[in-house]
Amino acid sequence: MENIVKKDICSFNYGELAEEMHAMGEKPFRSRQLYEWLHVKLADSFEEMTNLSKSLRGKLSQAYAIPKAEVVERQISKEDSTEKFLFGLEDGNMIESVLMRHPYGNSVCVSSQAGCRMGCRFCASAIGGLKRNLAASEMLRQIYQIQRLTKERVSHVVVMGTGEPLDNYENLLKFIEILTDANGLHIGQRNVTVSTCGIVPNMRRLANEKLQITLALSLHAFTQEKREYLMPVASRYDLQDVLDACSFYFEKTGRRVTFEYALAKGVNDSNEDADGLAKLLSGRNCHVNLIPINPVKEREFKESGQPAVLAFQNKLVKSGINATVRRELGRDIDAACGQLRKKYMDTQE
Ligand code: SAH
């Protein structure tokens with residue numbers, strides 16, 4: 001009996017859990033109680049569920065598992081209260097999440113995969129390749145753990161940690177569904193951002209889901225050639241097709257797309273780059289988020305200095321493009337994209 005693979009109970013949405021409980025001969029209100037334990041009270045064991053009978057808890061723990069994410073490391077920034085968490089999954093994979101405290105609420109940056117296969121040249125997460133997709137429950141657990149540990153409410157979620165969310169489409173959708181469900185944490189769809197390197201077919205699919213989430217596109221260059229150099233995945237999709245998919249997303253959802261642009265010194269931060277970008281995006285209802293690149297020690301890229309970043313932003317704004325510079329949080333705690341996980345993996349080699 002011990003080798004039976006238990007079903008992941010936290011990856012069922014509300015309706016699916018109701019079906020599971022119905023099949024076990026349980027009344028609908030039991031399923032509601034269970035869903036509340038899992039997704040509101042954020043229980044990580046069946047034993048905690050004290051309003052369920054002992055025999056039901058026993059039956060549940062025989063057939064189902066609540067996948068765990070143990071805190072392996074927790075770093076707190078002395079500069080700005082940003083916290084970074086390294087979680088160990090049941091199979092030994094490590095993932096990281098970042099908690100950022102903003103005036104408008106707490107935001108968590110979650111990982112969608114253990115590793116990544118997109119190969120962006122400036123990114124630490126690309127270094128070991130993709131290990132596996134995360135289940136919906138493993139994306140949720142990052143938020144649940146952080147909320148439990150800090151006892152503070154998480155109001156915003158950005159899927160910008162390790163991994164390419166649109167390379168794990170089904171699980172991503174299930175994650176968003178459970179996260180924003182009124183029966184669970186009920187985070188507003190408008191407070192959820194999904195960032196993609198530009199997987200065109202899945203951007204279109206997502207547009208057709210007609211969710212109210214924000215789509216962010218990692219653009220990083222204004223020409224196909226430079227984009228391919230920075231992001232090998234770009235060779236699979238023409239830049240114009242990627243931009244058309246962004247327009248399609250806006251048409252279907254009415255949500256303005258965010259373009260992310262990481263500035264690397266001498267690579268994509270010149271006047272010519274700013275002009276090219278302004279031209280490429282002119283007339284679009286969009287927002288550009290400029291990110292001074294986080295230097296990763298295995299990579300040759302250096303961050304653009306503040307004057308270059310501000311000059312770049314000014315050029316965009318003067319051309320009528322809405323552009324902001326991302327606040328850099330938690331620089332003192334390896335908070336840059338995948339660096340805590342990478343550091344841990346290095347110690348295991
Ligand atoms: N795969 C998705 C989401 C994860 S990366 C995507 O590509 O969008 C989240 C954002 O961080 C992306 O815009 C990515 O290009 C950027 N990023 C990765 N490494 C970075 C680094 N070293 N410095 C600055 N931004 C980086």
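This text goes with the structure placed above it.
Residues numbered from 1 in each chain as written. Predicted model: local features only at pLDDT ≥ 70, side-chain atom pairs only at ≥ 80, totals over all residues. Heavy atoms only, no water.

A. Molecular detail of the packing of aromatic side chains. Counted according to the given criterion, the structure contains six aromatic pairs. With 6.3 Å between their ring centres and 85° between their planes, Phe 12 and Tyr 64 make a pair best called edge-to-face. Of the two residues, Phe 12 sits in the loop between strand S1 (7-8) and helix H1 (14-23) while Tyr 64 sits in strand S2 (residues 64-65), which places them 52 residues apart along the sequence. We note that Phe 12, like Tyr 64, is buried. Taking 6.5 Å as the distance between ring centres and 75° as the angle between the ring planes, the aromatic pair formed by Phe 122 and Phe 301 counts as edge-to-face. A residue pair is termed long-range when its members are at least 10 positions apart, and Phe 122 in the loop between strand S7 (113-115) and strand S8 (130-133) and Phe 301 in the loop between strand S13 (286-292) and helix H10 (306-318) qualify at 179 residues. Judged by its relative accessible area of 14%, Phe 122 falls in the buried class. Classification of Phe 301 by relative accessible area gives buried; the value is 5%. (Phe/Tyr/Trp six-rings, centres within 6.5 Å; stacked < 30°, edge-to-face > 60°. Helix = DSSP H or I, 4+ residues; strand = E, 2+ residues; numbered from the N terminus. Buried < 20%, exposed > 50% of the residue type's maximum accessible area, 1.4 Å probe, protein only.)

B. Region of the structure containing the pairing of strand S3 (residues 69-76). As defined by bridge partners, S3 adjoins strand S4 (residues 83-89) across seven bridges and the pair is classed as antiparallel. By the bridge assignment, Val 71 is partnered in S4 with Phe 87. The antiparallel hairpin formed by S3 and S4 contains six residues in its connecting segment, where Ser 81 sits at a positive phi of about 65°. (Pairing = 2+ DSSP bridges.)

C. View of the site of the ligand. As a matter of local geometry, the ligand sits amid 17 residues, with Glu 164, Ser 195, Ser 218, His 220 and Asn 294 nearest to it. Glu 260 places a side-chain nitrogen or oxygen 3.2 Å from an oxygen atom of the ligand. Contact between the ligand and Asn 294: a nitrogen atom at 2.9 Å from a main-chain N or O atom of the residue. In isolation the ligand offers 530 Å² of accessible surface; the protein chains occlude 96% of this area. (Near = heavy atom within 4 Å. Polar contact = N/O pair within 3.5 Å; in protein donor to acceptor, adjacent residues only side chain to side chain. Areas by Shrake-Rupley, 256 points an atom, 1.4 Å probe, with all protein chains shown as cover.)

D. Inspection of the nonpolar core at higher detail. Ranked by size, the top nonpolar core spans 101 residues in total, and within it Ile 9, Leu 34, Ile 143, Phe 175 and Phe 259 carry the most contacts. Apart from residues no more than four positions distant in its own chain, Phe 175 is found in contact with Val 110, Ala 136, Met 139, Leu 140, Ile 143, Val 157 and Val 159. (Core = buried A, V, L, I, M, F, W, Y, C linked by side-chain atoms within 4.5 Å. Contact = heavy atoms within 4.5 Å.)

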